[in-house]
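Structural features, examined
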Amino acid sequence: MATTARKATTAVLEERDRQRRRTAERLLASSVKLSFDPLTEVDWDAEPVPGAYYIAPRRISLYGTALWQGLTEEQRIELSKHEVASVASVGIWFEEILMQMLLRHAFDRDPTTAHVQYALTEIADECRHSVMFARMIAKMGAPAYGAGRVAHNLGRVFKAVSTHSQTFGGTMYVEEILDSFQREMMNDESLQPLVRQVSRIHVIEEARHITYAREELQRKDLGLVRRRAEQLLMGVVIYFATTRLIHPRVYASVGIDPAEGSRAARANPHWRAAKVEMAAKVVGVLDRAGLVGRTNRWLLRAAGVV
């Protein structure tokens, strides 16, 4: 009986290794065909288009509020620019965390495997993305708002101690949120060309990263106790990654008190609906992987994504 069980376990592990290899080989082949150098692919010298938003008005955190009604069209466009800069700077924050987590993942595995070689390829992609986001923020003349002091320092801990589920679950969440934003942006011809070009590159390359994370996440079996702990940690990641997307200081760019702007955004049903819509797909994936449950659903509600 014991021998049969060992053989069954070995067969399962061997099949997982084959799946990892096939996925990595496919993603490596895609990387050869569809990778971009943002330093040359983006027109960094183009001037902004007068009167064009940086993100659709309905995706701005104050859209529909009394504060929004009090803004001029010029101020609304300016706020859209600063909110895009805020989201991009949070993207840099998490991509820097992700690169370190992927290095830890690769450090413990055979570098001759396609699985590890794709992890290293993804790190190279993320380096380019971080530079691209940073150049976009600078080109727009906005600050690199970042995730805030608390989230920034929690990131120091997370990148050093994250588990397999946290590494790939966190990756899935943040990348899917950014992907939802940017798929709309790249297809909206009314928006500034700069943000559309940056969004297009990021969406195409991140599709591979999301596939890698999703398939790796689904290969992990969690026991009941471990699942509860992983859920709680995943809830913390979701809460801080979501609530830090829009830094309070963006509101000061159009003369609104940061605290007042933050309160209005938190209470804004349009902004909450936007977050729920953007997170719906990835929350479903995390749920199927056992990373959403009663242990962390309250944190997801607090983040405004369910």
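What counts, and at which threshold
- Residues numbered from 1 in each chain as written.
- Predicted model: local features only at pLDDT ≥ 70, side-chain atom pairs only at ≥ 80, totals over all residues.
- Heavy atoms only, no water.
- Helix = DSSP H or I, 4+ residues; strand = E, 2+ residues; numbered from the N terminus.
- Rg over C-alpha atoms; globule rule 2.2 N^0.38 Å.
- Contact = heavy atoms within 4.5 Å.
- Areas by Shrake-Rupley, 256 points an atom, 1.4 Å probe, with all protein chains shown as cover.
- 1 Å grid on protein atoms, 1.4 Å probe; cavity = no way out; pocket = protein on both sides within 12 Å on 5 of 7 lines; lining within 4 Å.
- Points joined across faces, edges and corners; volume = space filled by probe spheres on them.
- Nonpolar A, V, L, I, M, F, W, Y, C, P; charged D, E, K, R; others polar.
- Core = buried A, V, L, I, M, F, W, Y, C linked by side-chain atoms within 4.5 Å.
- Buried < 20%, exposed > 50% of the residue type's maximum accessible area, 1.4 Å probe, protein only.
- Expected span 1.5 Å × (residues − 1).
- pLDDT = per-residue confidence, 0-100.
- Bend = angle between axes of the 7 residues up to and from the residue.
- Axes fitted to C-alpha atoms, helices over the stretch in contact; angles between N-to-C directions.
- Parallel < 35°, antiparallel > 145°, perpendicular 65-115°, else oblique.
- Left-handed = near helix turned anticlockwise from the far one by under 90°.
- Salt bridge = Lys/Arg side-chain N within 4 Å of Asp/Glu carboxyl O.

When helices and strands are counted, the protein shows 12 helices and 0 strands. For 306 residues, the compact-globule formula gives about 19 Å, and the C-alpha radius of gyration of the protein, at 20 Å, lands near that figure. Along the three orthogonal principal directions, the C-alpha set of the protein runs to about 75 × 45 × 30 Å. Taking contacts inside the protein between residues at least 6 apart in sequence as the whole, the part at least 24 apart equals 83%. Just so you have it, the protein exposes about 14,300 Å², and 56% of that area is on carbon and sulfur atoms.

Moving on to empty space enclosed by the protein. In total, this model carries 2 cavities of 30 Å³ or more according to the counting rule given. By volume, the largest cavity is sized at about 130 Å³. The wall of the largest cavity is formed by 16 residues, among which Val84, Val87, Ala88, Gln182 and Met185 lie closest to the centre. Going through the elements one at a time, helix H4 (73-107), helix H5 (114-140), helix H7 (164-187) and helix H8 (193-218) are the ones with two or more residues in the lining of the largest cavity. Residue composition of the lining of the largest cavity, by class: 12 nonpolar, 2 polar and 2 charged. Estimated volume of the second largest cavity: approximately 70 Å³.

Next up on the list: the nonpolar core. One finds Met136, Tyr173, Phe181 and Leu286 to be the most contacted residues of the largest nonpolar core, which totals 86 residues. Per-element accounting of this core gives the leading share, 15 residues, to H4. The contacts of tyrosine 173, once residues within four sequence positions are left out, are Met234, Ile238, Ala241, Thr242, Ala279, Val282, Leu286 and Val305.

Secondary-structure assignment places valine 131 in helix H5. We classify valine 131 as partly exposed; its relative accessible area is 41%. Placed 10 residues apart in sequence, valine 131 and threonine 121 show a C-alpha to C-alpha distance of 16 Å.

To continue, consider helix H9 (residues 224-243). Here H9 contains 20 residues, and its C-alpha end-to-end distance of 28 Å stays within 8% of the 28 Å for a straight helix at 1.5 Å per residue. Listing the buried residues of H9 in full gives Glu230, Gln231, Met234, Gly235, Val237, Ile238, Phe240, Ala241 and Thr242. Buried residues along H9 sit in contact with H4, helix H6 (149-161), H7, helix H11 (269-288) and helix H12 (297-303).

Moving on, we come to the confidence of the model for the protein. With 96% of its residues at a pLDDT of 70 or more, the protein has an overall mean of 93. Averaged pLDDT values for the elements of the protein fall to 82 in helix H1 (residues 2-33) and rise to 98 in helix H3 (residues 66-69).

With that settled, consider H8. Given a rise of 1.5 Å per residue, 26 residues ought to cover 38 Å, and the 37 Å separating the end C-alpha atoms of H8 matches this to within 8%. For H8, the principal kink sits at glutamate 206 and spans about 30°.

A few words now on the layout of surface pockets. Here the largest pocket defines a volume of roughly 440 Å³. Every residue lining the largest pocket is counted, 19 residues in all, and those nearest its centre are Thr243, Arg244, Ile246, Ser262 and Arg266. For the lining of the largest pocket, the secondary structure elements donating two or more residues are H9, helix H10 (258-267), H11 and H12. The residue inventory of the lining of the largest pocket, partitioned by class, reads 9 nonpolar, 6 polar and 4 charged.

Running from N to C, H4 and H6 point in directions that differ by 15°, and their axes come no closer than 8 Å. It follows from the interaxial angle that H4 and H6 lie roughly parallel. Judged by the twist between their axes, the crossing of H4 over H6 is right-handed. Contact residues: H4 offers Trp93, Phe94, Ile97, Gln100, Met101 and Arg104, while H6 offers Ala151, His152, Gly155, Phe158, Lys159, Ala160 and Val161. For the contact of H4 with H6, the class distribution of residues is 8 nonpolar, 3 polar and 2 charged.

We now examine the pattern of salt bridges. Close approach of charged atoms allows side chains with opposite charge to pair. Using the criterion set out here, one finds 17 salt bridges in the structure. The partner of arginine 22 in a salt bridge is glutamate 15, and the shortest N-O contact between them spans 3.3 Å. For arginine 22, a relative accessible area of 40% gives the class partly exposed. Residue arginine 183 pairs with aspartate 179 through a salt bridge whose shortest N-O separation is 2.6 Å. Taken together, the residues arginine 183 and aspartate 179, both in helix H7 and 4 residues apart, mark about one turn of the helix.

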